[in-house]
Amino acid sequence: MIWKRSAVLRFYSVCGLLLQAAASKNKVKGSQGQFPLTQNVTVVEGGTAILTCRVDQNDNTSLQWSNPAQQTLYFDDKKALRDNRIELVRASWHELSISVSDVSLSDEGQYTCSLFTMPVKTSKAYLTVLGVPDKPQISGFSSPVMEGDLMQLTCKTSGSKPAADIRWFKNDKEIKDVKYLKEEDANRKTFTVSSTLDFRVDRSDDGVAVICRVDHESLNATPQVAMQVLEIHYTPSVKIIPSTPFPQEGQPLILTCESKGKPLPEPVLWTKDGGELPDPDRMVVSGRELNILFLNKTDNGTYRCEATNTIGQSSAEYVLIVHDVPNTLLPTTIIPSLTTATVTTTVAITTSPTTSATTSSIRGRSCQI
């Protein structure tokens, strides 16, 4: 009996050692399989960053987040740094997530998640903070600009990180030939960028909107824009438009002087053959129109319309030739040869006695037949 009891004890002792060794081996294996996992985070200045650290296998080992200065932010669910912007999002054996609100450029850097195994294991997460560019401003425009002048416009924006991109548009068409300058701001973190556009203006540029557009990854595909509407002054352009292409004697005629310019020319001056209009009672000027009430051959000649503004003067000429009124022929009725027509004519006849006797004699002879 003693021998049997001793054998049983030895058996359980061996089994215990084996079980202890197996447990120890599994614990080491599980500990080696633990490793914190993090991801880099990008956030816009003023926004909120979420830093997450996860562990697939954890045997109640603590997790910790530290900032780039190696200050502990959270140890498990315990807050370590007095910063009201930093809050706990989630804390468990498998995850430690914290949030940093109202992020500034100084928050950028490498954050560390630590898993307190033996030895301690860490994972890095880099927080990138994007600097939002200020609303762009366009400078260099002075109104008005004279036609033919060289215009230089500059668009500038500050505070972007990384440096923003500037593009120019005119009439919804992008202008490529521009100058670009990038300068580092005093904080040595953000940039001021500017772009200069040079072009010579003409009258077609009057009223055109020139747009400076700033593109940056912090703007969520909604670019910031600045707009400058151009005002160009130019000399008048003049054209005479007649009311009829074939003026005839006795008919009225209206000549319209169409003038364009900036400032708008007003009023216009009408002359004939280099002098004043010869017949003011019949030739009436109303605004830009010359109204000749009825034409005759004496109206033939060269009519001139002259428009003037503060920039210059322009004129146009119209040579008037009054045509005769064409003859109007009366319509003629032609009766075809195959058509028969009956014409009835009523004639009043006065008879004498002699004519009556003769008639009776003829009538009587006819009766004898």
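So, a few notes on the structure that sits alongside this text. (Residues numbered from 1 in each chain as written. Predicted model: local features only at pLDDT ≥ 70, side-chain atom pairs only at ≥ 80, totals over all residues. Heavy atoms only, no water.)

Re the side chain of Glu95
Part 1 of the argument: The topology assignment puts Glu95 in strand β7 (residues 95–100).
Part 2 of the argument: Within the local environment of Glu95, its side chain forms a polar contact with the side chain of Ser97, the two groups lying 2.7 Å apart.
Part 3 of the argument: Excluding residues that lie within four positions of it along the chain, Glu95 makes contacts with Thr52, Cys53, Arg54, Leu63 and Arg90. (Helix = DSSP H or I, 4+ residues; strand = E, 2+ residues; numbered from the N terminus. Polar contact = N/O pair within 3.5 Å; in protein donor to acceptor, adjacent residues only side chain to side chain. Contact = heavy atoms within 4.5 Å.)

Looking at the state of the cysteines
Part 1 of the argument: Going through the model one piece at a time under the given rule, you end up with three disulfides.
Part 2 of the argument: The partner cysteine of Cys155 in its disulfide is Cys212, sulfur to sulfur 1.8 Å. Residues Cys155 and Cys212 are joined through a disulfide that is left-handed, its torsion about the S-S bond being -65°. A residue pair is termed long-range when its members are at least 10 positions apart, and Cys155 in strand β12 (residues 150–160) and Cys212 in strand β17 (residues 209–215) qualify at 57 residues. Accessibility assignment for this pair places Cys155 and Cys212 in one class, buried.
Part 3 of the argument: Each bonded cysteine of the chain gets a number by its place in the sequence, and the pairs then read 1-2, 3-4, 5-6. (Disulfide = S-S within 2.5 Å. Buried < 20%, exposed > 50% of the residue type's maximum accessible area, 1.4 Å probe, protein only.)

Side note on unusual backbone geometry
Most of the time, phi is negative for any residue but glycine, and the peptide bond is trans.
Part 1 of the argument: At the junction of Met118 and Pro119, the peptide bond is cis and its omega measures out at 0° in the coordinates.
Part 2 of the argument: Looking at where Pro119 falls in the secondary structure, it is placed in the loop between β8 (109–115) and β9 (121–130).
Part 3 of the argument: The omega angle of the peptide bond from Ser143 to Pro144 is -5°, so this bond is cis rather than trans.
Part 4 of the argument: Looking at where Pro144 falls in the secondary structure, it is placed in the loop between β10 (137–139) and β11 (145–146).

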